[in-house]
Amino acid sequence: EAGVAQSPRYKIIEKRQSVAFWCNPISGHATLYWYQQILGQGPKLLIQFQNNGVVDDSQLPKDRFSAERLKGVDSTLKIQPAKLEDSAVYLCASSQGLRGGLETQYFGPGTRLLVL
Amino acid sequence: GDSVTQMEGPVTLSEEAFLTINCTYTATGYPSLFWYVQYPGEGLQLLLKATKADDKGSNKGFEATYRKETTSFHLEKGSVQVSDSAVYFCALMNTGNQFYFGTGTSLTVIP
């Protein structure tokens, strides 16, 4: 079974530029998550999709970050304009969308972003 | 809001030593609890999980018991190996399927 795919793996941009990340979840997984992991910290949930609907985006800085999941499969996360503090690893994860505590997330390799 | 607190690192142990990494949580209802591991240069992987009180999750010699009364999910291993060197994250999933991670505990095992 193929895992969660992310691209690019690395990205270096200057502040105020824009950047986009792509995620392809495991086939059949209804739930997709985007996390931000700053060096030395745990992952922080940015946005969670159930199929193509947003379940939780309470920690997404909506003035500069946006995400979409068209057709309930692939997803893109965009930052525009980027700030220095956006330097982090952006992780995508997916899960089947089960209830009752049966959920397990599977993580992609992440995209490492450096903003100069 | 819901949250996870885990012990600060880094932790350095000799091979075959006993490991405990403390984790406590705050959540309404009955969350599911997880330990994830991140080996050097690799992505996050699920290590073990428990979905209800008194459940014990186990994998690769690691264990953690879901203690509702103390809101804890401490990770233990009786004899660590060099290959266990990694960063360990405690996490919870609440009844809304939202995940919250702790800050991670770095473990280094020396021969």
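All values derive from a computational prediction rather than experimental measurement.

## Structural notes on the overall build of chain A
Scanning chain A from N- to C-terminus turns up zero helices and 11 strands. Reading chain A from its N end, one meets helices and strands in the order β-β-β-β-β-β-β-β-β-β-β. Computed over the C-alpha atoms, the radius of gyration of chain A is 14 Å, within 12% of the 13 Å expected from 2.2 N^0.38 for a compact globule of 116 residues. Here chain A holds 116 residues, and 46% of them are scored as buried. Counting only contacts in chain A whose residues sit at least 6 apart along the sequence, the fraction spanning at least 24 positions is 53%. Summed over its atoms, the accessible surface of chain A is roughly 5,900 Å², and 50% of this surface lies on carbon and sulfur atoms. A distance of 4 Å separates the average location of the 13 positive side-chain charges in chain A from that of its 10 negative side-chain charges.

## Remarks on the pairing of strand E2 (residues 11-14) of chain B
All names here are of chain B. On E2, burial follows the alternation: Val11 and Leu13 on one face are buried, whereas Thr12 and Ser14 on the facing-out side are not. Two strands pair when backbone bridges link them, and E2 and strand E12 (residues 105-110) are joined in this way by four bridges, in the parallel orientation. Within E12, the residue paired with Leu13 across the bridge is Val109.

## As for the interface of chain B and chain A
Listed as interface residues are 18 residues of chain B and, on the opposing side, 20 residues of chain A. A combined buried area of about 1,500 Å² lies between chain B and chain A, and 49% of that area is made up of carbon and sulfur atoms. Counting across the interface, chain B meets chain A through zero salt bridges. One can count three residue pairs in polar contact (both at pLDDT 80 or more) joining chain B with chain A. Among the secondary structure elements, those contributing two or more residues to the side of chain B that touches chain A are strand E5 (32-38), strand E6 (44-50), strand E10 (86-93) and strand E11 (99-101) of chain B. Ranked by the residues each element gives to the side of chain B that touches chain A, the list is headed by E5 of chain B, at four residues. For the side of chain B that touches chain A, the residue count by class is eight nonpolar, nine polar and one charged.

## Details of the pattern of salt bridges
Residues and elements named next belong to chain B. Summed over all chains, the structure comprises five salt bridges over all chains. Between Asp55 and Lys52 there is a salt bridge, and its shortest N-O distance comes to 3.4 Å. Of the charged contacts in the structure, one is a salt bridge between Glu63 and Lys56, with a shortest N-O distance of 3.6 Å. Residue Glu63 is classed as partly exposed on the basis of its relative accessible area, which comes to 33%. Owing to a relative accessible area of 51%, Lys56 belongs among the exposed residues under this scheme.

## Structural notes on the state of the cysteines
Should the sulfur atoms of two cysteines be covalently bonded, the bond is a disulfide. All told, the structure shown has two disulfides over all chains when counted by the stated rule. The partner cysteine of Cys23 of chain A in its disulfide is Cys92 of chain A, sulfur to sulfur 1.9 Å. What sets the handedness of the Cys23 of chain A and Cys92 of chain A disulfide is the S-S torsion sign, and at about -70° it is left-handed. Of this pair, Cys23 of chain A sits in strand E3 (residues 19-24) while Cys92 of chain A is found in strand E9 (residues 88-95), placing the two residues 69 residues apart along the sequence. Here Cys92 of chain A falls in the buried class, since its relative accessible area comes to 0%. Covalent S-S linkage joins Cys23 of chain B and Cys90 of chain B, the inter-sulfur distance amounting to 1.9 Å.

Rules of the game
Residues numbered from 1 in each chain as written. Chains lettered and ligands numbered in written order. Predicted model: local features only at pLDDT ≥ 70, side-chain atom pairs only at ≥ 80, totals over all residues. Heavy atoms only, no water. Helix = DSSP H or I, 4+ residues; strand = E, 2+ residues; numbered from the N terminus. Rg over C-alpha atoms; globule rule 2.2 N^0.38 Å. Buried < 20%, exposed > 50% of the residue type's maximum accessible area, 1.4 Å probe, protein only. Contact = heavy atoms within 4.5 Å. Areas by Shrake-Rupley, 256 points an atom, 1.4 Å probe, with all protein chains shown as cover. Lys, Arg positive; Asp, Glu negative; His and termini not counted. Charge placed at Lys NZ, Arg CZ, Asp CG, Glu CD. Pairing = 2+ DSSP bridges. Buried area = accessible area lost by both parts, 1.4 Å probe. Salt bridge = Lys/Arg side-chain N within 4 Å of Asp/Glu carboxyl O. Polar contact = N/O pair within 3.5 Å; in protein donor to acceptor, adjacent residues only side chain to side chain. Nonpolar A, V, L, I, M, F, W, Y, C, P; charged D, E, K, R; others polar. Disulfide = S-S within 2.5 Å.

From the geometry alone we can't say anything about function, so treat these as descriptive.
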